[in-house]
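# Survey of secondary and tertiary structure
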Amino acid sequence: MQAAHYWRQLDAARHAAPGPAIAGVLGTDAYDEFDTPAITWIDLTIPLVRTFSRSAPEGWRLRSVLERYDHEHAFRVRIAEAARAGEPPLVIPIRNRECDACHWWEICAPQLGDDDLSVRIDKAPLDVREISALRALGVRTVTDLAAVDLTVLKERYLPEVRHRPGAEKRLELATRRARLMVEEVELERLTTGSIALPTADLEIDFDIETAADERVYLWGFLVHDRRTDAPPAYVEFSAWHDLDAAEEIELARHAMVWLRALVDGPASVRVFHYSNYEVVRLGNLASATDDPTLTWAIDYAEREFCDLFDVVRDHFFGVRGLGLKVVASVGAGFSWRDADAGGLNSQSWFDEACHAPDETTREAARERVLAYNEDDVLATHALRNWLRRA
């Protein structure tokens, strides 16, 4: 769409190249063995974009990028002309992810209210066309959607969104979320009875942190010896500088040497984590080297690690999703010490820990990252205990 915008500007200024409307998109990734970027040429007149069509039997048709652009641009011109003429607005705002960074949001937000569908359902949100179709049918808020007869609504709604793959399931999911929101239920239990989790003498919660370049600079573990009354102990392996590939592998190997010593000891061991990110990263590092410790680690992970996300997904539905922070806080009552705890923020803290001009600032950033990582493994520990009581 942006390429089409540029082409139309050039065309209007009489600087467009003769012939078909073709745009070159410059990539930044390496393209070949010479490590050079590439230009991808796109014919803006070829029908490529799936769009809604009331006249087409399928309910959609393919249109070219220029067709889609011209339609959208003309619509915005009509909106502007109506506003300039003092007429009632032609559109009502629909919130999307870009709104968070838009300085006009403070103008749009009061027009919607807190219960608006596009505002309140931010997990698997309905798109602009879906929201518009529901509004046209009198369904504007979460409260409205929670109260509808879904069978009746579908008869009128689905013909308006036939271009959208999975539209029926998406509506059903949004309706389910809406009804739970009205009932003020954050986590819905899908099963009954106790939730089975593996046990061991040493139960280890595991979480990693990655820098902006996706290199793992911190391996964090919480070790709970269930044979004693001692509180869980936090153990970390970290490097506070920009790592190259060899240094990243060596840090991983150091952490896995420590883990293997526990596994080879007299106590039984199980490792718990949330989602498969840690195992995927470990596998990537193991595949990049023939180090026997990392080879052992990925084999052990495939056999003995327990992904608590899989357990939670089998037993719960989350209105705001099933991310660790949602489930651990809502279900287990856990809270992070840092109000700004989050993966993207931790990457900024790591950068500060490595590159801040003074040691005091660097040390404070290191402590902040470590506290965040420790809270993540404490959260999985709390979550596991809660699941066993559920």
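Summarised in this report is the structure supplied together with it. This structure is a prediction, so every number in the text was calculated from the model and none was measured. (Residues numbered from 1 in each chain as written. Predicted model: local features only at pLDDT ≥ 70, side-chain atom pairs only at ≥ 80, totals over all residues. Heavy atoms only, no water.)

### Quick word on a nonpolar patch on the surface
Judged by side-chain polarity, Ile 22, Leu 26, Ile 39 and Trp 41 come together as a nonpolar surface patch covering roughly 470 Å² of accessible area. Elements with a contribution of two residues or more to the nonpolar patch: strand 1 (22-26) and strand 2 (39-43). As for its position among the elements, Ile 22 is in strand 1. (Patch = residues over 30% accessible without salt bridge, like charges linked within 9 Å, V, L, I, M, F, W, Y side chains within 5 Å. Areas by Shrake-Rupley, 256 points an atom, 1.4 Å probe, with all protein chains shown as cover. Salt bridge = Lys/Arg side-chain N within 4 Å of Asp/Glu carboxyl O. Helix = DSSP H or I, 4+ residues; strand = E, 2+ residues; numbered from the N terminus.)

### Details of the nonpolar core
Judged by nonpolar contacts, the single largest core of 60 residues is most densely connected at Trp 219, Met 256, Leu 383 and Leu 387. The element contributing the most residues to this core is helix 15 (residues 359-389), with seven residues. Here Leu 387 is in contact with Ile 195, Leu 197, Leu 308, Val 311, Val 312 and Phe 316, once residues within four sequence places are set aside. Counting 24 residues, the second largest nonpolar core, distinct from the first, contains Ala 133, Val 148, Tyr 157 and Phe 317. (Core = buried A, V, L, I, M, F, W, Y, C linked by side-chain atoms within 4.5 Å. Buried < 20%, exposed > 50% of the residue type's maximum accessible area, 1.4 Å probe, protein only. Contact = heavy atoms within 4.5 Å.)

### Overview of unusual backbone geometry
Although it is not a glycine, Ala 124 sits at a positive phi angle of roughly 50 degrees. Structurally, Ala 124 is set in the loop between helix 4 (117-120) and helix 5 (128-136). We classify Ala 124 as partly exposed; its relative accessible area is 37%. Located in the positive-phi region is Ser 275, a residue other than glycine, with phi close to 80 degrees. Position of Ser 275 relative to the elements: it lies in the loop between strand 9 (269-273) and helix 10 (277-287). With relative accessibility at 25%, the residue Ser 275 sits in the partly exposed group.

### What about a negative patch on the surface?
A contiguous patch of negative charge, built from Asp 213, Glu 214, Asp 242, Asp 351, Glu 352 and Asp 358, is present on the exposed surface. Position of Glu 352 among the secondary structure elements: in helix 14 (residues 343-355). Relative accessible area serves as the criterion here: at 38%, Glu 352 is assigned to the partly exposed category. (Lys, Arg positive; Asp, Glu negative; His and termini not counted. Charge placed at Lys NZ, Arg CZ, Asp CG, Glu CD.)

### Quick word on the sheet that holds strand 7 (residues 216-225)
Taken together, five strands build an open sheet; the order of strands is 8-7-6-9-10 and the sheet is mixed. Here the strands that pair on one side only, and so sit at the sheet edges, are strand 8 (233-238) and strand 10 (305-307). When strand polarity is set aside, the average angle formed by the axes of neighbouring strands in this sheet is 25 degrees. Here strand 9 runs beside strand 10; their pairing, made up of three bridges, is parallel. The partner of Phe 272 across the bridge, within strand 10, is Cys 306. Contacts from helix 12 (residues 308-315) reach strand 9 and strand 10 within the one sheet, and its direction differs from that of strand 10 by about 40 degrees. (Pairing = 2+ DSSP bridges. Axes fitted to C-alpha atoms, helices over the stretch in contact; angles between N-to-C directions.)

### A word on helix 2 (residues 65-84)
Helix length check: helix 2, at 20 residues, gives a terminal C-alpha distance of 28 Å against a target of 28 Å (1.5 Å per residue), a fit within 8%. Every buried residue of helix 2 is accounted for by Val 65, Leu 66, Tyr 69, Glu 72 and Ala 82. Following helix 2 by one or two positions, Gly 86 has its phi on the positive side, about 75 degrees. (Expected span 1.5 Å × (residues − 1).)

### Focus on the pattern of salt bridges
Between side chains of opposite charge, a pair can form when the charged atoms approach closely. Counted by the stated rule, this structure contains 37 salt bridges. The partner of Arg 303 in a salt bridge is Glu 304, and the shortest N-O contact between them spans 3.8 Å. On the accessibility criterion, Arg 303 (47% relative accessible area) is partly exposed. Given a relative accessible area of 22%, Glu 304 falls into the partly exposed group.

### Notes on the packing of aromatic side chains
Applying the stated criterion across every chain, the model contains 15 aromatic pairs. Measuring from centroid to centroid gives 5.6 Å for Tyr 274 and Phe 309, while their planes differ by 75 degrees, and the two rings are edge-to-face. With Tyr 274 in the loop between strand 9 and helix 10 and Phe 309 in helix 12, this residue pair connects regions lying 35 residues apart in the sequence. Given the relative accessible area of 10%, Tyr 274 is considered buried. Assessed through its relative accessible area of 22%, Phe 309 is described here as partly exposed. Measuring from centroid to centroid gives 5.1 Å for Trp 296 and Tyr 300, while their planes differ by 10 degrees, and the two rings are stacked. (Phe/Tyr/Trp six-rings, centres within 6.5 Å; stacked < 30°, edge-to-face > 60°.)

### Let's talk about the packing of helix 7 (residues 150-157) against helix 8 (residues 167-182)
Contact pair helix 7 / helix 8: the axes reach a minimum separation of 12 Å and the direction vectors enclose 140 degrees. In terms of axis orientation, helix 7 runs oblique to helix 8. Regarding helix 7 and helix 8, the two cross each other, and that crossing is right-handed. Across the interface between the two elements, Leu 150, Leu 153, Lys 154 and Tyr 157 from helix 7 touch Ala 167, Glu 168, Leu 171, Glu 172, Thr 175 and Arg 179 from helix 8. By residue class, the composition of the contact of helix 7 with helix 8 is five nonpolar, one polar and four charged. (Parallel < 35°, antiparallel > 145°, perpendicular 65-115°, else oblique. Left-handed = near helix turned anticlockwise from the far one by under 90°. Nonpolar A, V, L, I, M, F, W, Y, C, P; charged D, E, K, R; others polar.)

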